[in-house]
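# A structural walkthrough
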Amino acid sequence: MANMTLSAALAEQDELSALVRRLRELGAQRLARKVVTVMSAKGGIGKTFVAMELAWLLDAVLVDLDWDDGNASTALGQHHDRFARIPLLDALETEKPPRPKRSGRRPDLVPCHPDFAVNQPDPERLAKLLSRWSQDWNRGVVADTHPGGSDSTLGAVGAADLIVMPVVLGTRELNALEGALRELVGYPILLVPNWIPSTPPAAERRRLRELADRYSVAVGPMISTYGWLRTRKLRTVITAAPTYSRRTTPVVRELTAVAGAVIEHAG
Ligand SMILES: Nc1ncnc2c1ncn2[C@@H]1O[C@H](COP(=O)(O)OP(=O)(O)OP(=O)(O)O)[C@@H](O)[C@H]1O
Ligand SMILES: [Mg+2]
């Protein structure tokens, strides 16, 4: 936007805000009663970032299945120290759907808790519960998962109408991806290249394309590298801001493209 006039920049903002509103309406309609699971075979590659922003952009309930403090709940200001009841664990006991927590500029959230680590239902039961909750709420669900294999991740994969896998174009990340794709043959998967440098490595791009073709999975729009993201302190999602800044506009634009691809593949 460096060379843009102020009025052109404002017009672009209006257009982007309108696009986000439209996506949320579409998401609410087309993803109602569907489950989108964000997972990856490698840790720290943007699952939680993508899950939080997608949940907002699709007007879905974010169900946090990661009990570590690097999770979405903490990132959204819902650290487990702060609540008396634990809706996720209560729901496992009572069989009643948890009531998502609502607060401004964040997706509706079912937060996670450290005790979930040892209280995970078996995969079949969790898959059934996630599907049932999305039906009871009449909303889409975006489930964020714990890094590494666990019963809850398997359950969320089992419930998924679409699995969104962020992928980083690195050697070991692609090795891990290949292993995961081999295990998940037949599941509906959308790969989302994340953390892409301005000059993406050509060999890794080719390898990603080959893997996607070999395992018949879709590759969605990519997300660039944003140096400021890692140290961002705000406990809100970027796409939920009332206006977008010069800094956030490009990432919001890319995330809307990813959300559109999710609606196409899951909706
Ligand atoms: N495209 C990107 N550019 C720059 N930073 C990014 C990008 N995507 C994610 N990040 C940052 O990288 C860090 C790790 O991301 P995130 O926590 O979403 O990964 P994760 O896959 O959920 O990790 P874990 O496996 O531990 O759950 C966060 O600080 C996040 O904001
Ligand atoms: Mg995470």
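Refer to the structure printed above.
Rules used throughout
- Residues numbered from 1 in each chain as written.
- Chains lettered and ligands numbered in written order.
- Predicted model: local features only at pLDDT ≥ 70, side-chain atom pairs only at ≥ 80, totals over all residues.
- Heavy atoms only, no water.
- Salt bridge = Lys/Arg side-chain N within 4 Å of Asp/Glu carboxyl O.
- Helix = DSSP H or I, 4+ residues; strand = E, 2+ residues; numbered from the N terminus.
- Expected span 1.5 Å × (residues − 1).
- Buried < 20%, exposed > 50% of the residue type's maximum accessible area, 1.4 Å probe, protein only.
- Arc of directions from axis to C-beta.
- Contact = heavy atoms within 4.5 Å.
- Axes fitted to C-alpha atoms, helices over the stretch in contact; angles between N-to-C directions.
- Parallel < 35°, antiparallel > 145°, perpendicular 65-115°, else oblique.
- Nonpolar A, V, L, I, M, F, W, Y, C, P; charged D, E, K, R; others polar.
- 1 Å grid on protein atoms, 1.4 Å probe; cavity = no way out; pocket = protein on both sides within 12 Å on 5 of 7 lines; lining within 4 Å.
- Points joined across faces, edges and corners; volume = space filled by probe spheres on them.

### As for the pattern of salt bridges
- Taken as a whole, this structure holds 14 salt bridges when the rule is applied.
- A salt bridge links Asp90 to Arg85, with the shortest nitrogen-to-oxygen separation between them at 2.9 Å.
- Between Arg209 and Asp213 there is a salt bridge; the shortest N-O distance is 3.2 Å. Of this pair, Arg209 and Asp213 both sit in helix H8 (residues 202-214), separated by 4 residues, roughly a single helical turn.
- Where salt bridges share partners, they join Arg24, Asp59, Arg102, Asp108 and Arg139 into one cluster.

### So, H8
- Compared with an ideal rise of 1.5 Å per residue, which puts 13 residues at 18 Å, H8 spans 18 Å between its outermost C-alpha atoms and is within 8% of the ideal.
- Leu208, Leu211 and Ala212 are the residues of H8 that are buried. When H8 is viewed along its axis, its buried side chains cluster within an angular range of 100° and face the same direction. More than 90 degrees from the buried face of H8, the exposed residues found are Ala202, Arg206 and Arg214.
- Those residues of H8 that are buried lie in contact with strand E5 (162-167), helix H7 (171-183), strand E6 (189-193) and strand E7 (218-219).
- Immediately beyond the C-terminal end of H8, within one or two residues, lies Ser216, with a positive phi of roughly 50°.

### As for unusual backbone geometry
- The backbone of Trp195 sits at a positive phi, close to 65°, despite the residue not being glycine.
- By secondary structure assignment, the location of Trp195 is in the loop between E6 and H8.
- With relative accessibility at 33%, the residue Trp195 sits in the partly exposed group.
- Although it is not a glycine, Ser216 sits at a positive phi angle of roughly 50°.

### Some thoughts on the packing of H7 against H8
- Interhelical geometry of H7 versus H8 gives an angle of 0° and a closest axis separation of 11 Å. Compared by their axis directions, H7 and H8 come out roughly parallel. Only Glu204, Arg207, Leu208, Leu211 and Arg214 of H8 make contact with H7, whose side of the interface consists of Thr171, Leu174, Asn175, Leu177, Glu178 and Leu181.
- Residues belonging to the contact of H7 with H8 are distributed by class as follows: 5 nonpolar, 2 polar and 4 charged.

### Focus on empty space enclosed by the protein
- Overall, the coordinates contain 2 cavities of 30 Å³ or more when judged by the stated rule.
- Here the largest cavity is characterised by a volume of approximately 60 Å³.
- Ser40, Ala41, Lys42, Ile45, Met165, Pro166, Val167, Glu173, Ala176 and Leu177 are the residues that line the largest cavity.
- Counting only elements with at least two residues in the lining of the largest cavity, the list comes to E5 and H7.

### Notes on the environment of Glu173
- Turning to its location among the elements, Glu173 is positioned in helix H7.
- Spatially, the C-alpha atoms of Glu173 and Gly43 are 9.2 Å apart, while their sequence positions differ by 130 residues.
- Aside from chain neighbours lying at most four places away, what touches Glu173 is Lys42, Ile45 and Val168.

Bear in mind that shape data such as this cannot, by itself, settle questions of function.
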